[in-house]
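Structural characterization, general
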Amino acid sequence: DLGNCDECGYDGQFVRNDPTAYFQRTIQDHCSNHADQVVADATNTGCWCSCNNRWSGSDCSVGGSEHTASPPGECNECAFGFVNAASTGLPTCTACTIATHCSGNTSSMTSASGLATRCDCDCSNKWSSSDCSVCATGYDPASDCATCDVGYMSVSTLIVNGIQSDVATDCGEDAHSVTTTPDRSACLCFWSPGHIGASASAGGLATRCDCDCSNKWSSSDCSACAASDPASDYATWVVGYMAVSPLTVNCVQCDIATDCGGNAHPGTTTPDRTACLCFCSPGYTGASCSSCGPTGPNGYIEEAGQYIQCTIPTRCTPTGTDVVTADNGVCVCNCKDRWVGDKCDSCPVRLEQMSSDKCAVGYLNYPTCDHCNVIDHCSGHATSVTSDPANKLCTDWAYTYSWTGSSCDSCAAIYTQAECVQCAEGHFAYDVCTMCTVKDHCSSHASTVVPNSQITMCDCTCNHAWTGDSCDICPPGIDPATDCAQCLVGYIGFPNHVKCGIATDCINNADSVTSSPDFPSCQCDCRNMWSGATCSQCNSQVDGADCDVCASAHTGYNICDLYTIADHCENHASAVTPAPDPNPTSCTCTCRNHWELPDCLTCPPQFGGSDCDTCGIHRINYPTCTLCTVNDDCSNHASTVTSNSQQTECVCTCNQKWSGADCSTCPTEYSGLDCNDCGTAHINYPFCTDYTDALHCNGH
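Residues numbered from 1 in each chain as written. Predicted model: local features only at pLDDT ≥ 70, side-chain atom pairs only at ≥ 80, totals over all residues. Heavy atoms only, no water.

Counted under the stated rule, the structure contains two salt bridges. In this structure, Asp546 and Arg527 form a salt bridge, with 3.1 Å as the shortest nitrogen-oxygen distance. Of the two residues, Asp546 sits in the loop between β50 (542–543) and β51 (549–550) while Arg527 sits in the loop between β47 (523–526) and β48 (530–531), which places them 19 residues apart along the sequence. Asp611 serves as the salt-bridge partner of Arg592, at 3.1 Å between the closest nitrogen and oxygen. Residue Arg592 is found in the loop between β55 (587–591) and β56 (607–608), and its partner Asp611 is found in the loop between β56 and β57 (614–615); the two are separated by 19 residues along the sequence. Judged by its relative accessible area of 26%, Arg592 falls in the partly exposed class. (Salt bridge = Lys/Arg side-chain N within 4 Å of Asp/Glu carboxyl O. Helix = DSSP H or I, 4+ residues; strand = E, 2+ residues; numbered from the N terminus. Buried < 20%, exposed > 50% of the residue type's maximum accessible area, 1.4 Å probe, protein only.)

Given below as structure tokens:
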């Protein structure tokens, strides 16, 4: 403080540590270097720190256990065992718990330090996933995922990997279902009738089963078979054999010469083993290869008694991939890409005609090549539409009204959203649709603005007296500096702004006229001594055609006071009359006694008394009132002189030993030029006693 030099200065940069010492506050010294700001407290006796990151304490030296000081000094990351729950800003560190973060299915857990967003769970048993909430397939969640589930068993007592039991694997397909033993250590088969297994037998102490072999099976265990197909449980013949008749089971081998007329490659039988199946040589067809022109690739057809092979050069255009013979005896071309027609010589209109491997203009999404249309692709808001060069988007719309966007489904906020055909509320001039604003369209001089009824311009509700389509005109007589809210000087009657006039408002009795915002009417500067709001009054003390002279017995034009001895002659006159002037500004007093003109206010110094009718001090003989002087009245032998109470004579205060009324006599016992010494035969001035023989010489 520059006044007393007893307080900290520099705008809070210093604090008072003891009564005689002042210290500058710093983040390093007072906030452990862990603050964004430090200021002096309200009493200037300590510092207040704005701690950064997650530091706390009066000096920002305390970091919570949930945070870590790594990187060193930052306190802006979570400690081990805590996880950051905040998505932005400083971390919000929450302690990792087994119940909350690991579903209770772990014995231990932790988290990485720093800004880790999840806890790391060490899942127990066969629990898995980041929060140990998933029990592996084959294990029972009800047993804490520690044992096999129903239908699964343990491979060995030392292994707990769940393996599902299977009828084929565990029961040799001789059971209708399978499960596990209650302890999950073995599979339990439910055998089909006529089969036995590890836990079943034929009954009693039998050591084998009695088999009634089916089909062509034989031997005690039905394991030997005649020339039949084991894959069909030996109920049908092997490939290449067939049944002679449905009533026999004798197998006859198929033969190319016998069954295929010698016009086939090596053949086989039909899947049901009831007939031979011939693979005809080129040019032959039919079940026994006895006809010409087989169906299929590069087959033959009969035309005019000739067998003609179906080939691409003869029956298709180069846009075919292959040609086959149909059952109806015609060649059929399989076309490339999207070519169509009997000879693959026609390209649909939706495809590009020169290649047919991409969509034509106006179509998209090859190979379907959907037709771009106003309804599906332009939301019904266009008059025409085509597609882009890559046939990926419909484009080049002819928009209706003001719709925009890739699907003509976007209507700008400046338009009505239903049809996009009119300006939105508050906008005008379709299709520009400019928003009406007080600033842009009303010169910032309006309370509200809306489009007009034709939506061609803005209608402003002008403030105060502003006028014009854009509220930019302040009428004459109104002050634009007041936001057109007050009349200019010289005008009244806002907002009608009538101009003040000397003739109309002051009946021509004024020198000028003006106005003020503080008064509702014109203010006249009245001429001469006219008065009143309209200068229509001439007071009784004033006279004249233009109220320009004082009335009789009045004086001092512009005041025209009634003249009296008391008011104009200080009551010291015997009479008072007006001054000799056509428009007197003063009056003439006839002063009493010795009062002086012009206003009988002053009594000359030689006179005195309450009515200036006696002599003044030190003067005698009224009315001459001669001044008493030491020289004239005291022979120049006095120290002072004054008058007596009757002011008829002077009274001297004589010097030395002079005496007499005028101090002109020096007594005989005194002498000297100023009567200031003893006379002859006198001694001891100023007593000057007469010396004698008897008194001074003892009579001797």
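Right, picking up where we left off after that structure.
As a further point, take the side chain of Arg619. Among the structural elements, Arg619 can be located in strand β58 (residues 619–620). Despite its burial, Arg619 remains without a salt bridge, the nearest opposite charge being carried by Asp633 at 9.9 Å. Non-local contacts of Arg619, meaning those with residues more than four positions away in its chain, are made with Pro605, Gln606, Cys625, Thr626, Leu627, Ser643 and Gln647. (Lys, Arg positive; Asp, Glu negative; His and termini not counted. Contact = heavy atoms within 4.5 Å.)

Bringing the confidence of the model for the protein into the picture now. Residue-level pLDDT values for the protein average 77, and 73% of them are 70 or greater. Confidence drops under a pLDDT of 50 for residues 198–208, and excluding neighbours within four residues, the segment shows seven contacts in the predicted structure. In the model, residues 243–249 has pLDDT below 50 throughout and makes ten contacts with residues more than four positions away in sequence or in other chains. (pLDDT = per-residue confidence, 0-100.)

Here we come to the packing of aromatic side chains. This structure, assessed with the given rule, holds three aromatic pairs. Arranged with centres 6.2 Å apart and planes meeting at 80°, the rings of Phe607 and Tyr622 form a pair that is edge-to-face. Here the residue Phe607 occupies a position in strand β56, and Tyr622 occupies one in the loop between β58 and β59 (626–627), the gap between them amounting to 15 residues. The exposure class assigned to Phe607 is buried, which follows from its relative accessible area of 11%. Look at Tyr670 and Tyr685: their rings are 5.9 Å apart centre to centre, the planes differ by 90°, and that puts the pair in the edge-to-face class. Placement of the pair is Tyr670 in strand β62 (residues 670–671) and Tyr685 in the loop between β64 (682–683) and β65 (689–690), with a sequence separation of 15 residues. (Phe/Tyr/Trp six-rings, centres within 6.5 Å; stacked < 30°, edge-to-face > 60°.)

With that out of the way, let us pick up the state of the cysteines. Overall, the coordinates contain 32 disulfides when judged by the stated rule. Bridging Cys254 to Cys276, the disulfide has an S-S length of 1.9 Å. Disulfide Cys254 to Cys276: torsion about the S-S bond roughly -95°, handedness left-handed. One end of the pair, Cys254, is in the loop between β22 (251–253) and α4 (256–259); the other, Cys276, is in strand β24 (residues 276–280), with 22 residues separating them in the sequence. Lacking any disulfide linkage, Cys47 is separated from the closest cysteine sulfur, that of Cys49, by 6.4 Å. (Disulfide = S-S within 2.5 Å.)

Note that Gly493 resides in the loop between β44 (491–492) and β45 (498–499). Residue class for Gly493 comes out partly exposed when judged on its relative accessible area of 34%. Sequence-wise, Gly493 and Cys522 are 29 residues apart; in three dimensions their C-alpha atoms are separated by 9.4 Å.

Another point: the environment of Asn84. Inspection of the secondary structure puts Asn84 in strand β9 (residues 82–84). Residue classification places Asn84 among the buried residues on the basis of a relative accessible area of 11%.

Looking at Asp611, the relative accessible area reads 17%, which means it is buried. Among the polar contacts made by the side chain of Asp611, one reaches the side chain of Arg592 at a distance of 3.1 Å. Not counting the four nearest positions on each side in its chain, Asp611 is found in contact with His572, Arg592, Asn593 and Trp595. (Polar contact = N/O pair within 3.5 Å; in protein donor to acceptor, adjacent residues only side chain to side chain.)

Right, let's talk about unusual backbone geometry for a bit. Leu597 connects to Pro598 through a cis peptide bond whose omega is 10°. Summarising the element assignment, Pro598 is placed in the loop between β55 and β56. A cis geometry characterises the amide bond from Tyr622 onward to Pro623, with omega recorded as 10°. Within the element layout of this structure, Pro623 appears in the loop between β58 and β59.

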